[in-house]
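Single-letter residue listing:
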Amino acid sequence: EAVALIHLSNIVFSRGDRDLATQHVEASLARFRVSGYAAGAGMALGRRARLARDRGDGHEAALAYHEALRLWSSQNDHWYIRMALTGLAELASAYGQSSAAASLLGSVDTLVQEAGALLPPAGFEYVRATTAARAALGAERFAELHAKGQQLSLAEAVAIAATISVPTSADG
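What comes next is a walk through the structure. (Residues numbered from 1 in each chain as written. Predicted model: local features only at pLDDT ≥ 70, side-chain atom pairs only at ≥ 80, totals over all residues. Heavy atoms only, no water.)

### Notes on the overall build of the chain
Argument step 1. Looking only at helices and strands, the chain has nine helices and zero strands in total.
Argument step 2. Going residue by residue from the N terminus, the α and β elements of the chain occur as α-α-α-α-α-α-α-α-α.
Argument step 3. Once the C-alpha set of the chain is aligned to its principal axes, its extents read approximately 45 × 35 × 30 Å.
Argument step 4. Looking at the chain residue by residue over its 172 residues, the buried ones come to 46%.
Argument step 5. Put simply, 62% of the contacts in the chain that link residues at least 6 apart link residues at least 24 apart.
Argument step 6. Carbon and sulfur atoms form 56% of the exposed surface of the chain, whose accessible area is close to 8,300 Å².
Argument step 7. Between the mean site of the 15 positive side-chain charges and the mean site of the 17 negative ones, the chain shows a separation of 3 Å. (Helix = DSSP H or I, 4+ residues; strand = E, 2+ residues; numbered from the N terminus. Buried < 20%, exposed > 50% of the residue type's maximum accessible area, 1.4 Å probe, protein only. Contact = heavy atoms within 4.5 Å. Areas by Shrake-Rupley, 256 points an atom, 1.4 Å probe, with all protein chains shown as cover. Lys, Arg positive; Asp, Glu negative; His and termini not counted. Charge placed at Lys NZ, Arg CZ, Asp CG, Glu CD.)

In structure tokens, the structure reads:
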């Protein structure tokens with residue numbers, strides 16, 4: 001039922017109903033938490049983060065991605081860890097933390113290569129993060145930080161991701 005609620009959230013969001021999408025994802029998260037299924041709670045939190053980002057609430061998105069990343073890291077779930085790192089890189093690039101974004105994107109690329117995947121998860125977020133970070137840093141500096149990010153251990157990438165913060169709208 002909790003997984004079905006995430007899928008319903010995606011469906012109703014694609015039809016333009018953000019409020020119902022949020023209700024479904026919150027119900028899903030509650031069910032996953034009651035059941036103790038950490039990976040499922042992480043999926044719901046990842047969806048919560050994307051919904052928050054889409055409504056312009058970067059602070060709530062960051063909080064949800066951070067919690068999802070902690071859960072997925074505890075499960076050693078590299079596929080979903082990559083999704084959280086990508087989402088946090090996108091937020092970092094949008095909120096003046098382009099150096100961290102470039103490093104995280106390098107780490108994501110390494111994780112994708114290690115998994116043998118052709119494309120990174122969360123493709124739109126990856127493209128937005130890359131475009132914004134490269135524009136802010138310049139191509140040369142972006143490439144340098146991206147290359148350093150490719151050399152990071154997973155623990156180092158998660159530590160960088162943990163530093164990504166987004167102010168509340170009241171903080172400016």
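Moving on from the model shown.
### So, the packing of aromatic side chains
Argument step 1. Taken as a whole, this structure holds two aromatic pairs when the rule is applied.
Argument step 2. Ring centres 5.6 Å apart and planes at 50 degrees place the aromatic pair Phe32 and Tyr37 in the tilted group.
Argument step 3. Residue classification places Tyr37 among the partly exposed positions, given a relative accessible area of 44%.
Argument step 4. Each ring, one from Trp72 and one from Tyr80, has its centre 4.9 Å from the other, and the planes form 25 degrees; the classification is stacked.
Argument step 5. Taking the relative accessible area as the measure of exposure, Trp72 reaches 2% and is therefore buried.
Argument step 6. Classification of Tyr80 by relative accessible area gives partly exposed; the value is 22%.
Argument step 7. Its end group placed over the ring of Phe13, Arg47 keeps NZ or CZ at 5.1 Å from the ring centre. (Phe/Tyr/Trp six-rings, centres within 6.5 Å; stacked < 30°, edge-to-face > 60°. Lys NZ or Arg CZ within 6 Å of the ring centre and 35° of its normal.)

### Considering the packing of helix H5 (residues 78–94) against helix H6 (residues 98–115)
Argument step 1. Across the interface, H5 lies against H6 with an axial gap of 8 Å and an inter-helix angle of 160 degrees. When the interaxial angle is binned, H5 and H6 end up roughly antiparallel. Two packed elements cross with a definite hand, and for H5 against H6 that hand is left-handed. Seen from H5, the contacting residues are His78, Arg82, Leu85, Thr86, Leu88, Ala89, Ala92 and Ser93; seen from H6, they are Ser98, Ala101, Leu104, Leu105, Ser107, Val108, Leu111, Val112 and Ala115.
Argument step 2. Here the contact of H5 with H6 is built from residues that sort into 11 nonpolar, five polar and one charged. (Axes fitted to C-alpha atoms, helices over the stretch in contact; angles between N-to-C directions. Parallel < 35°, antiparallel > 145°, perpendicular 65-115°, else oblique. Left-handed = near helix turned anticlockwise from the far one by under 90°. Nonpolar A, V, L, I, M, F, W, Y, C, P; charged D, E, K, R; others polar.)

### Let's talk about H5
Argument step 1. When the terminal C-alpha atoms of H5 are compared, their 24 Å separation across 17 residues agrees well with the 24 Å that a helix rising 1.5 Å per residue should span.
Argument step 2. H5 sits mainly inside the fold: 13 of its 17 residues count as buried.
Argument step 3. One or two steps after H5, the chain reaches Gly96, where phi turns positive at roughly 75 degrees. (Expected span 1.5 Å × (residues − 1).)

### Re the nonpolar core
Argument step 1. Ranked by size, the top nonpolar core spans 45 residues in total, and within it Phe32, Leu69, Leu85, Leu88, Leu91 and Leu104 carry the most contacts.
Argument step 2. Tallying contributions element by element places H6 first for this core, with eight residues.
Argument step 3. Apart from the residues within four sequence positions on either side, Phe32 is in contact with Ala2, Val3, Ile6, Tyr37, Gly40, Ala41, Met43 and Ala44. (Core = buried A, V, L, I, M, F, W, Y, C linked by side-chain atoms within 4.5 Å.)

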